[in-house]
Structures are given as structure tokens and as C-alpha cells.
Amino acid sequence: EVVNAAEYGKQWYQRRVRGPTSQFVVSSSSSDMVRRVVLSSLLLALALCEPTVYLREDFADGDAWSSRWVQSEHDGKTFGKLDLSAGEFFHDAEKDVGLKTMENARFYAVSTEFSTPVESTEGKTLVAQFSVKHEQKIDCGGGYLKLFPSTLDQKQMHGESPYNIMFGPDICGPSARRVHVIFNYRGKNLLLKKEIRCKDDELTHLYTLIVRADNTYEVRIDNKKEQSGKLEEDWDFLEPKEIADPEATQPEDWDDNPFLDDPEDTKPEDWDQAETIPDPEAKKPDDWDDDMDGEWEAPVINNPDFKGEWRPKQIDNPKYQGEWEPPMIPNPNYFEDDK
């Protein structure tokens with residue numbers, strides 16, 4: 001199911017750039033913060049022996065890109081303008097051209113149809129790759145792609161539109177700077193349990209996701225492996241094989257106290273002392289009249305000899321059995337899924 005996430009015929013590719021006002025942003029940013037992102041190239045391919053390229057885009061044919069890409073017109077969102085640019089700095093003005101977000105604090109949602117329909121990915125390796133440049137320092141925003149099923153209404157695309165895979169960098173504050181790899185499995189969006197830190201400088205970086213037919217994956221940044229592993233281990237695709245027995249109860253004679261009172265310890269004879277005592281240095285005022293003022297009593301102070309409630313010292317419990325845990329049983333909801 002994971003590798004076959006794109007088996008629904010024609011697919012869509014989405015490029016989203018989140019500004020400070022995006023509904024996905026947890027912490028707010030001032031509206032005058034600058035947000036500029038340049039998407040210069042992308043590639044989606046499936047490989048067995050000879051790879052099949054389902055989408056390749058380098059924006060090399062000028063304004064013709066606008067005939068392939070559809071910008072969302074979803075109600076309630078203020079979408080920014082997109083245009084072709086190599087950015088404020090580049091190596092080659094023509095070869096480095098890409099799709100650039102032109103306005104600050106705006107939503108960006110643009111998609112294109114795959115050039116070749118995806119019938120099945122079974123037994124093949126999926127590769128999604130794109131480059132992105134946050135050429136102005138970014139505090140909160142993202143530059144990631146999503147792979148959609150063919151049911152997507154491109155002009156009504158929004159943040160809750162169902163997708164199959166989401167991949168790319170996401171920044172929110174100084175600590176949350178990660179690469180998202182999210183798979184939709186049986187209607188749930190599953191997040192990667194490992195951390196992959198994204199690049200947060202102002203240079204161009206190449207992000208690559210590889211999902212292999214043996215249910216392993218690899219994430220590369222600038223062609224350097226940043227994370228890899230097994231799908232089943234790094235995402236919660238499947239129910240656990242075993243669960244704690246919900247019917248099990250702790251035995252009444254189970255001893256889970258690691259310590260106990262020392263039976264040989266006894267309270268010292270001079271332990272019991274009053275918490276407060278009359279101030280021994282206090283003196284009855286010369287003008288005190290017992291008939292008028294009543295019997296004089298010295299004010300009380302904390303007793304320096306008071307030791308509190310006595311408790312015997314603790315020793316290791318020789319019968320301690322540890323914290324009780326219910327036995328594990330086979331999970332009736334577990335099923336194997338090698339696809």
C-alpha cells in the first residue's frame with residue numbers, strides 16, 4: 001500500500017510555500033517578514049530496470065509553465081503571485097530559473113498533472129527529487145511537495161486536500177527545522193518517527209526521497225544520505241504484533257515496593273520534641289498588669305531540637321518483584337502488509 005500509494009491513475013504534483021499567515025503555522029510571525037522561495041527543478045520517477053519518468057520540470061520553456069501548472073483559487077485564502085526567476089543570486093541566469101514566490105505572507109498552492117499516468121508502483125523504486133532555495137532568511141514556512149491522487153480538484157486545492165505523500169523542508173521557529181516525510185496509509189497521515197534536520201541557509205538545496213520495493217527508504221539532501229531505514233519501523237503503518245493483555249490483572253501478592261521499613265530500627269528516646277517552645281529570652285514587660293492584662297505568657301519560637309515525625313530508615317525489600325506488567329498476547333488487529 002505504501003509503495004502503491006500512486007496507483008490511482010493520473011497523479012498531481014503540488015508545490016506549497018507557507019508564509020507567516022498559513023493555517024499550518026503554529027507560531028505567528030510579523031507580516032513584514034520577507035518570504036522568498038525558488039523551486040528550480042523537480043523529478044518524479046519509478047525505476048525497475050529502465051526508469052519511467054512521470055514528471056520532470058525545469059521551467060526551461062519560459063512562460064509556457066503557466067499552461068501546465070494550475071494555481072488554487074480556494075475560497076478564504078489570499079494567494080500570492082508566482083513567477084519565473086533565477087532569484088537574487090545564481091550561477092547561470094537561464095539554467096537556474098525556477099518558480100518563485102513573489103509576495104510576502106501569502107498562501108501558495110500550485111499543481112500540475114503527471115506527464116505519464118501511474119498505473120502501479122509494485123516491485124519498483126519511487127524517486128521524488130526537487131531543489132528549493134529560501135534566499136531570504138526564513139523563520140516560519142515550508143517548501144515541500146505533495147503527491148496527490150487523480151481525484152484532486154486543482155483549483156480548489158487546500159491544506160486539507162487528501163494526498164499520498166508529502167516531502168520536503170519545513171521551518172517553524174529556531175528549533176523546528178525538519179524534513180517532512182509523510183505517507184497517507186488507509187486514510188491516515190503518518191509522520192516519520194525519526195528527525196531529519198533541513199537546511200536553513202539561503203542557498204539552493206536538492207532534496208531526494210527514495211522508496212524501494214523492499215519497503216525501505218532513504219532521504220538525501222544534496223545527494224548526501226541523511227536518513228534511511230525500514231518503512232514499518234520508522235512509521236506506524238501497522239498495528240503492533242503483540243499487545244498487553246487487557247484482561248490481565250496484577251496478583252494480590254505481587255510485591256512492587258522496592259524498599260521497606262527496617263524492622264530493627266528504633267526511635268531514639270530523645271526524638272519526641274515539641275515543634276515550638278516559649279522563647280527563653282523573652283521577659284515580661286515592666287508595665288504588665290496581671291489583673292488588667294491577664295497572666296503573661298512568653299511568645300513561642302521554633303524548637304531547634306524538633307526533628308519532625310520519626311520514620312524508620314528504609315532498606316532494600318528482599319521480596320521486591322519489580323513493577324508488574326501484564327503479559328503480552330498476539331494483537332487480534334495485526335495483519336501483515338508487505339506492499
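As shown above, the structure is provided for reference.
Computed from a prediction, not measured in an experiment: that's the story for all the values here. (Residues numbered from 1 in each chain as written. Predicted model: local features only at pLDDT ≥ 70, side-chain atom pairs only at ≥ 80, totals over all residues. Heavy atoms only, no water.)

(A) Quick peek at the overall build of the chain. Within the chain one finds 3 helices and 21 strands. Evaluated residue by residue, the chain yields a buried proportion of 39% over its 339 residues. Long-range contacts, defined as pairs at least 24 residues apart, comprise 69% of the intrachain contacts of the chain with a sequence gap of at least 6. Carbon and sulfur atoms provide 47% of the accessible area of the chain, an area that totals close to 19900 Å². (Helix = DSSP H or I, 4+ residues; strand = E, 2+ residues; numbered from the N terminus. Buried < 20%, exposed > 50% of the residue type's maximum accessible area, 1.4 Å probe, protein only. Contact = heavy atoms within 4.5 Å. Areas by Shrake-Rupley, 256 points an atom, 1.4 Å probe, with all protein chains shown as cover.)

(B) Geometry of the packing of aromatic side chains. For the coordinates displayed, the defined rule picks out 9 aromatic pairs. Look at Tyr185 and Phe237: their rings are 5.3 Å apart centre to centre, the planes differ by 90°, and that puts the pair in the edge-to-face class. Of this pair, Tyr185 sits in strand β11 (residues 176-185) while Phe237 sits in the loop between α2 (231-234) and β16 (242-244), and the two are 52 residues apart along the sequence. Pair check on accessibility: Tyr185 and Phe237 agree, each one buried. Measuring from ring centre to ring centre gives 6.1 Å for Trp235 and Phe237, while their planes differ by 45°; the resulting arrangement is tilted. The exposure class assigned to Trp235 is buried, which follows from its relative accessible area of 0%. According to the relative accessible area criterion, Phe237 is buried, its value standing at 9%. Among the aromatic side chains, those forming a connected cluster through ring pairs are Phe183, Tyr185, Tyr217, Trp235 and Phe237. (Phe/Tyr/Trp six-rings, centres within 6.5 Å; stacked < 30°, edge-to-face > 60°.)

(C) Region of the structure containing the pattern of salt bridges. One pass over the full model with this rule turns up 15 salt bridges. Where Asp272 meets Lys267, a salt bridge forms, and the shortest distance between an N and an O atom there is 3.2 Å. We classify Asp272 as exposed; its relative accessible area is 55%. Because the salt bridges share partners, they merge into one network encompassing Glu57, Asp61 and Arg68. (Salt bridge = Lys/Arg side-chain N within 4 Å of Asp/Glu carboxyl O.)

(D) The pairing of strand β9 (residues 140-148), seen in detail. Here β9 lies mainly inside the structure; 9 of its 9 residues are buried. Residues Cys140, Gly142, Tyr144, Lys146 and Phe148 point to one face of β9 and Gly141, Gly143, Leu145 and Leu147 to the other, with burial holding for every one of them. Here β9 runs beside strand β10 (residues 165-172); their pairing, made up of 6 bridges, is antiparallel. Bridging across to β10, Gly142 finds its partner in Asp170. (Pairing = 2+ DSSP bridges.)

(E) Examining the side chain of Thr216 more closely. Checked against the element boundaries, Thr216 lands in strand β14 (residues 216-221). If near-sequence neighbours (up to four positions away) are discounted, Thr216 is found in contact with Ile210, Val211, Gly229, Lys230 and Leu231.

(F) Region of the structure containing a negative patch on the surface. A surface patch of like charges, here negative, comprises Asp286, Asp287, Asp289, Asp291 and Asp293. Along the chain, the position of Asp293 falls in helix α3 (residues 290-293). (Patch = residues over 30% accessible without salt bridge, like charges linked within 9 Å, V, L, I, M, F, W, Y side chains within 5 Å. Lys, Arg positive; Asp, Glu negative; His and termini not counted. Charge placed at Lys NZ, Arg CZ, Asp CG, Glu CD.)

(G) Local environment of the nonpolar core. If you look at the biggest cluster of nonpolar residues, it comprises 44 residues, and the most contacted ones within it are Phe167 and Trp235. Those residues within four positions of Trp235 in sequence are excluded, and the remaining contacts are Val181, Phe183, Leu190, Leu191, Leu192, Lys193 and Tyr217. By size, the runner-up hydrophobic cluster in this structure holds 8 residues, among which are Ala109, Tyr144, Leu152 and Met157. (Core = buried A, V, L, I, M, F, W, Y, C linked by side-chain atoms within 4.5 Å.)

(H) Layout of unusual backbone geometry. Located in the positive-phi region is Asn215, a residue other than glycine, with phi close to 65°. Phi is positive for Asp222, close to 55°, though the residue is something other than glycine. Take Asp222: it is sitting in the loop between β14 and β15 (224-230).

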